[in-house]
Amino acid sequence: MATTNGILNGLKVESFDFAETPRSTPEDRRYYKEVLEVLLEDGSVVYNCVWPECEFTRSSASGVWPHTKVHKPQTDTPSKAPAPAEIDVTALTIAELVERAQHATRYRSDRDAALKKLSKAERELGELKPRLRKAEQALKTIRTAFTAAA
Ligand SMILES: [Zn+2]
């Protein structure tokens, strides 16, 4: 949230708590992990992004929720993904973690398949080398024969 100094939208923050989701019931309370319900000094309630230094506010929690994505690393561009050590896993949902694990498994099997192809190509190259040498030798012999005939 924005209020390291206790001020949001120019007003003093009286209190704040995690905002309840639309699925929350009195028997089964559910809260957004990244949206705060903030009571301001003038009695108004705003919903604020939980991330540090972020002043994004809306009049409803569901209005803030889509915004929180901007604080997270992109998951749909593997080539641009940060190194594993840089990923803050605590900021990821279980679904995102599962997705990442699935991606990792797929990359591993892709890599294994590529390594198999590579070793097959190396084997074939090894078999071709002696034949190539023989062919070169034969070509040399033919050239020499032609030169001699000319
Ligand atoms: Zn934010």
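So, here is what we can say about the structure in this document.

### With respect to the pattern of salt bridges
Part 1 of the argument: Summed over the entire model, instances satisfying the criterion amount to six salt bridges.
Part 2 of the argument: Of the charged contacts, one joins aspartate 112 and arginine 111 as a salt bridge, the two residues approaching to 3.3 Å between their closest N and O atoms.
Part 3 of the argument: By relative accessible area, which is 36% here, aspartate 112 ends up partly exposed.
Part 4 of the argument: The partner of glutamate 124 in a salt bridge is lysine 120, and the shortest N-O contact between them spans 3.5 Å. Taken as a pair, glutamate 124 and lysine 120 lie in helix α2 (residues 94–149) at a separation of four residues, close to a single helical turn.
Part 5 of the argument: Given a relative accessible area of 45%, lysine 120 falls into the partly exposed group.

### Focus on the coordination of the zinc ion
Part 1 of the argument: Coordination of the zinc ion by the protein comes from Cys49 (SG), Cys54 (SG), His67 (NE2) and His71 (NE2), over a distance range of 2.0 to 2.3 Å.
Part 2 of the argument: The site at the zinc ion holds four donor atoms, and with the angles between them running 102 to 117°, its shape is tetrahedral.
Part 3 of the argument: Coordination of the zinc ion draws on donor residues from a single chain, spaced C-x4-C-x12-H-x3-H in sequence. Pair noted here: cysteine 54 is in the loop between β4 (45–49) and β5 (57–58) and histidine 67 is in the loop between α1 (61–64) and α2, with a separation of 13 residues, a long-range link. Assigned by exposure class, cysteine 54 and histidine 67 land together as buried.

How each quantity is defined
- Residues numbered from 1 in each chain as written.
- Predicted model: local features only at pLDDT ≥ 70, side-chain atom pairs only at ≥ 80, totals over all residues.
- Heavy atoms only, no water.
- Salt bridge = Lys/Arg side-chain N within 4 Å of Asp/Glu carboxyl O.
- Buried < 20%, exposed > 50% of the residue type's maximum accessible area, 1.4 Å probe, protein only.
- Helix = DSSP H or I, 4+ residues; strand = E, 2+ residues; numbered from the N terminus.
- Donors = N, O, S within 2.8 Å, 3.2 Å for Na, K, Ca; no water.
- Tetrahedral: all angles 85-135°; square planar, octahedral: opposite > 155°, others 65-115°.

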